[in-house]
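What follows is the residue order along each chain.
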2 protein chains.
Amino acid sequence: MDDILRALGHLALGSRLKRLGEQLQSDTQALLDALDPAVPSGQHPFLAALDRLGPLTVGDLAQALGVSQPGVTRTVARLVERGLAEAKPGPEDQRQKIVSLTAAGRQLVETAKGDLWPRIDAAVAELCRDLPGPLLAQLTAIEDRLASEPLHRRAARQRDGIQ
Amino acid sequence: MDDILRALGHLALGSRLKRLGEQLQSDTQALLDALDPAVPSGQHPFLAALDRLGPLTVGDLAQALGVSQPGVTRTVARLVERGLAEAKPGPEDQRQKIVSLTAAGRQLVETAKGDLWPRIDAAVAELCRDLPGPLLAQLTAIEDRLASEPLHRRAARQRDGIQ
DNA sequence: ACATGTTATATAACTTGTTATGTTATCGGA
DNA sequence: TCCGATAACATAACAAGTTATATAACATGT
């Protein structure tokens, strides 16, 4: 039952961060499914970027999110399919594609900002509170906390004001 | 030039951990390419698990690594293709597939354990030393440190004994 | 003005993770 | 003994990341 990534320490930190990130995304998804339409958790940063920064080119989105340009192109296509974003050619430079939220996209973001996003933020913040020791030990603590009480239960507990 | 994942704080922690993990894996890859044959950084935990725990079934590997069974099945197939691992049916239970290192695989692991893995471990440990403040700030520090000096240069600096 | 180089995005191919489901082997009870 | 349930692994389909390359628009120097 020993976890090799833990045992490998700093050597496997990359794999371990990726695994924990994916688990966190997956746990978060259970909460995000409450939205209509449901948006995969990895796409929420796209919505947040467009909400915070306004219409952006594909290249600007890639830089703001720290992912590659083809990654942005594909995810934007998904958001357009779902009717949450729209794209038009740049007025000055016709090579550019300027991505913005649709009315539905803005509404989804407003809904999320009002309730769901803050609740998730609070639950994850609680998850990360008072972590002990150096980074590897902190990661272990997060993994253990998630195993002992899943994120959606932490969020529910907080919403209901239960301590 | 602002980073949305940083700005989103705990809300996007999953995406941020995944992104940082992928970057770390990618940076590590530059060092791991020195091995012959080169093995993708995400497969090294498989090799380490087989080295530390001996022959394992697919299911045991999945548990030791914390990934899904189909993920293990596929990666094991890759290792077998490269001649680093081999699989035979379980002697008791013919449904099982028992995976072990080949001679080439053992040799690769021995080489890596002697030099490369410790150097990577040390470079990542240095990267994670004296991180300030709460988790989000620590992640920011790691990102900034990696941006200011890539991992392969940190490893080279350490090997050469330069301070 | 036009040839050439550069830039923005799209597309293709690949990797690695997932879930859902198919196959085959094992186990247990009638 | 054999039938049904369970368990281990394989396979298929999808998601999201990557790199390499194609396409089209822009910019520039002569």
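This text follows the structure it describes.
Computed from a predicted structure; not experimentally measured.

A. Region of interest: the overall build of chain A. In terms of regular secondary structure, chain A is built from 8 helices and 3 strands. Seen in sequence order, chain A has helices and strands lined up from the N terminus as α-α-α-β-α-α-β-β-α-α-α. Along the first, second and third principal axes, the C-alpha set of chain A runs to 55 × 40 × 25 Å. Here chain A holds 163 residues, and 50% of them are scored as buried. A fraction of 53% describes how many contacts in chain A between residues 6 or more apart in sequence connect residues 24 or more apart. Accessible surface computed for chain A: about 7,900 Å², of which carbon and sulfur atoms make up 50%. Positive and negative side-chain charges of chain A, numbering 20 and 21 respectively, have mean locations separated by a distance of 1 Å.

B. Structural view of the nonpolar core. A:Leu13, A:Leu61, B:Leu13 and B:Leu61 are the most contacted members of the largest nonpolar core, which totals 100 residues. When residues no more than four places from it in sequence are discounted, the contact partners of A:Leu61 are A:Ala49, A:Leu50, A:Leu56, A:Val72, A:Val76 and A:Val99.

C. Representation of the packing of helix H2 (residues 13-32) of chain A against helix H2 (residues 13-32) of chain B in the model. Contact geometry of H2(A) with H2(B) gives a least axis separation of 7 Å together with a crossing angle of 155 degrees. On the basis of the axis angle, H2(A) is roughly antiparallel to H2(B). Like other packed secondary-structure pairs, H2(A) and H2(B) cross with a definite hand, here left-handed. Here A:Leu13, A:Gly14, A:Ser15, A:Leu17, A:Lys18, A:Leu20, A:Gly21, A:Glu22, A:Leu24 and A:Gln25 of H2(A) come into contact with H2(B), specifically with B:Leu13, B:Gly14, B:Ser15, B:Leu17, B:Lys18, B:Leu20, B:Gly21, B:Glu22, B:Leu24 and B:Gln25. The residue makeup of the contact of H2(A) with H2(B), split by class, is 8 nonpolar, 8 polar and 4 charged.

D. Inspection of the interface of chain A and chain B at higher detail. Each side of the interface is counted separately: chain A has 42 residues, and chain B has 42 residues. Summed over both sides, the interface of chain A with chain B buries roughly 3,500 Å², with 69% coming from carbon and sulfur. Among the residues of chain A in contact with chain B, A:Ile4, A:His10 and A:Leu11 are the three that bury the most area, contributing 18% of the side total. The interface formed by chain A and chain B contains 0 salt bridges. Our enumeration of links across chain A and chain B arrives at 11 residue pairs in polar contact (both at pLDDT 80 or more). By residue number, the principal contributor to the side of chain A that touches chain B is H2(A), which donates 11 residues.

E. Quick look at the packing of helix H4 (residues 58-65) of chain A against helix H5 (residues 69-81) of chain A. Residue and element names in this part refer to chain A. Look at H4 against H5: their axes get within 9 Å of each other, and the N-to-C directions meet at 110 degrees. If you check the angle between H4 and H5, you find them roughly perpendicular. Of the residues in H5, those touching H4 at Val-58, Leu-61 and Ala-62 are Gln-69, Val-72, Thr-73 and Val-76. Across the contact of H4 with H5, the residue classes tally to 5 nonpolar, 2 polar and no charged.

F. How the structure looks around the protein's contact with DNA strand D. Around DNA strand D, the surrounding shell holds 24 residues, and the nearest of these are A:Ser68, A:Arg74, A:Gln94, B:Gln69 and B:Lys97. Each atom of DNA strand D within 4 Å of the protein was classed as base or backbone; sugar and phosphate made up 54%. At 2.5 Å from a phosphate oxygen of DNA strand D is found a side-chain nitrogen or oxygen belonging to A:Ser68. One of the side-chain N or O atoms of A:Arg78 is found 3.1 Å from a phosphate oxygen in DNA strand D. Listed by contribution, the elements that provide at least two residues to the surface near DNA strand D are H5 of chain A together with H2, helix H4 (58-65) and helix H5 (69-81) of chain B. Examining the composition of the surface near DNA strand D, we find that 5 residues originate from one element, H5(A), more than from any other. Looking at the surface near DNA strand D, its residues break down into 5 nonpolar, 10 polar and 9 charged.

G. Structural view of the pattern of salt bridges. Applying the stated criterion across every chain, the model contains 26 salt bridges over all chains. As a salt-bridge pair, A:Asp51 and A:Lys113 come within 2.9 Å of each other at their nearest N and O atoms. Taken together, the residues A:Asp51 in helix H3 (residues 44-53) and A:Lys113 in helix H6 (residues 103-127) connect sequence positions 62 residues apart. Residue class for A:Asp51 comes out partly exposed when judged on its relative accessible area of 24%. Residue classification places A:Lys113 among the partly exposed positions, given a relative accessible area of 37%. Here B:Lys113 ties to B:Glu110 by a salt bridge, and the two come within 3.5 Å at their closest N and O atoms. Note that B:Lys113 and B:Glu110 are positioned in helix H6 (residues 103-127) at a spacing of 3 residues, about one turn of the helix. Judged by relative accessible area, which is 46%, B:Glu110 ranks as partly exposed. Connected through shared salt-bridge partners, A:Asp3, A:Arg6, A:Arg16, A:Arg19, A:Glu143 and A:Asp144 make up one network.

Here is what the cut-offs are and how they apply
- Residues numbered from 1 in each chain as written.
- Chains lettered and ligands numbered in written order.
- Predicted model: local features only at pLDDT ≥ 70, side-chain atom pairs only at ≥ 80, totals over all residues.
- Heavy atoms only, no water.
- Helix = DSSP H or I, 4+ residues; strand = E, 2+ residues; numbered from the N terminus.
- Buried < 20%, exposed > 50% of the residue type's maximum accessible area, 1.4 Å probe, protein only.
- Contact = heavy atoms within 4.5 Å.
- Areas by Shrake-Rupley, 256 points an atom, 1.4 Å probe, with all protein chains shown as cover.
- Lys, Arg positive; Asp, Glu negative; His and termini not counted.
- Charge placed at Lys NZ, Arg CZ, Asp CG, Glu CD.
- Core = buried A, V, L, I, M, F, W, Y, C linked by side-chain atoms within 4.5 Å.
- Axes fitted to C-alpha atoms, helices over the stretch in contact; angles between N-to-C directions.
- Parallel < 35°, antiparallel > 145°, perpendicular 65-115°, else oblique.
- Left-handed = near helix turned anticlockwise from the far one by under 90°.
- Nonpolar A, V, L, I, M, F, W, Y, C, P; charged D, E, K, R; others polar.
- Buried area = accessible area lost by both parts, 1.4 Å probe.
- Salt bridge = Lys/Arg side-chain N within 4 Å of Asp/Glu carboxyl O.
- Polar contact = N/O pair within 3.5 Å; in protein donor to acceptor, adjacent residues only side chain to side chain.
- Near = heavy atom within 4 Å.

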